[in-house]
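Structural description and commentary
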Amino acid sequence: MLLENFAIFLMLIRSVFSATAVCSFQNSCQCVLGAGQVIDLSTVGTLNHPRFYDVLSGDSNKTALYSYNPCFPFDSSDKYATVDEANVPCKNAAACVRTFGSGSGDPPEEHAIGIQSTAKFQADEGKNFHIFYDLEKKGLQNLTVILQCNNFTLHQLYINQTEIAGNGSVIMTLATKCACPPYSCASPTPDEPSHGLSTGSKLLIAFFTILLAYFLIGIVWNFCNGAHGMELVPNADFWNELPKLIIEGVVFTCSCFRRKGSYGEV
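Residues numbered from 1 in each chain as written. Predicted model: local features only at pLDDT ≥ 70, side-chain atom pairs only at ≥ 80, totals over all residues. Heavy atoms only, no water.

**Regarding the sheet that holds strand E6 (residues 93–99)**
- The strand order across the open sheet formed by 4 strands is E4-E5-E6-E7, and the pairing between neighbours is antiparallel. Single-partner strands in this sheet number two, and they are strand E4 (52–56) and strand E7 (109–115). This sheet shows a mean twist of 25° between the axes of neighbouring strands, independent of strand direction.
- With 3 bridges joining them, E4 and strand E5 (residues 64–68) adopt antiparallel strand pairing. Bridged to Phe 52 within E5 is Tyr 68. (Pairing = 2+ DSSP bridges. Helix = DSSP H or I, 4+ residues; strand = E, 2+ residues; numbered from the N terminus. Axes fitted to C-alpha atoms, helices over the stretch in contact; angles between N-to-C directions.)

**Considerations on the UniProt feature "transmembrane region" (unreviewed entry) in the chain**
- According to UniProt, the feature "transmembrane region" (unreviewed entry) maps to residues 203–224 in the numbering used here.
- The distance from the first to the last C-alpha atom of residues 203–224 is 31 Å, and the span holds 100% helix and 0% strand. (UniProt positions renumbered as here; feature names shortened; annotations may be inferred.)

**Overview of the confidence of the model for the chain**
- Counting all residues, the mean pLDDT for the chain is 81, and 82% of those residues have values of 70 or more.
- Residue range residues 1–20 is modelled with pLDDT below 50. Its contacts to residues more than four positions away, or to other chains, number 7 contacts.
- With pLDDT under 50 throughout, residues 188–194 is counted as low confidence; its partners more than four residues away or in other chains account for 11 contacts. (pLDDT = per-residue confidence, 0-100. Contact = heavy atoms within 4.5 Å.)

**Some points on the pairing of E6**
- Judged by how many residues are buried, E6 sits mostly within the fold: 6 of 7 residues are covered.
- Here E5 pairs with E6 via 5 bridges, running antiparallel. Its bridge partner lying in E6, Tyr 68 is registered against Ala 95.
- Taken together, the 6 bridges between E6 and E7 define a ladder with antiparallel strand orientation. Within E7, the residue paired with Ala 93 across the bridge is Ile 115. (Buried < 20%, exposed > 50% of the residue type's maximum accessible area, 1.4 Å probe, protein only.)

**As for the sheet that holds strand E10 (residues 142–149)**
- Judged by pairing direction, the sheet is mixed, and its 5 strands sit side by side in the order E8-E9-E10-E12-E11 without closing on themselves. The outermost strands of the open sheet, each flanked by one partner alone, are strand E8 (120–123) and strand E11 (156–161). Each neighbouring strand pair of the sheet contributes to a mean axis angle of 25°, computed without reference to strand direction.
- Note that E8 and strand E9 (residues 129–134) share 4 bridges and pair antiparallel. Bridge pairing in E9 places Gln 122 opposite His 130.

Okay, structure coming up:
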């Protein structure tokens, strides 16, 4: 028993060091390698719903459907699915499995097999990458997604090992060009609204920048020419008259509307 525990401890230490040695920085979506290379799956994952939905495994267990989404967490969209007490609900998940009831009319059971926030990029001795997920709880399900380089396949998912009684470890293979060196898939998050400034915001910034420059340059110019006090303000007469001109414009506009109304009454 002591030897078994020691062996498990060594395996855990090895997996941790392999992950940190591979990636100088990583999150649930990216693994930053040396020489400026980045494994980035943001073009594969989708927001709020899984990229791969209800995928059948290749074995004889045709009643289990697997869903997987790299990068972004998702919640189950099945409002009628139940969750066994021993399992974790399909929320903030990277992957879930759904099985149908044994009898007709029985609701399906769906649970998570990997939580997105637990994602860890790792590599084996052959420098083949995979992502490991768990449920942040010991003794429950976990998921390994093998990243397979394929320049000719548009993101495909294969189920290598399904969840069975007594073994909650699921293995999948994600075939994608994003797993091919030199890892040129890096791109902005898909389907995510731009956080840049709108055209109106840019115009307002430009307007107030020009206005500020106008006043600063005008004040300095007037000061150099011996002006003092209110005389420093460039075109002071215009700015003094501006409120009056605005009021007159509003009054004139309102009077025009009144005239039109009176014509309609006649």
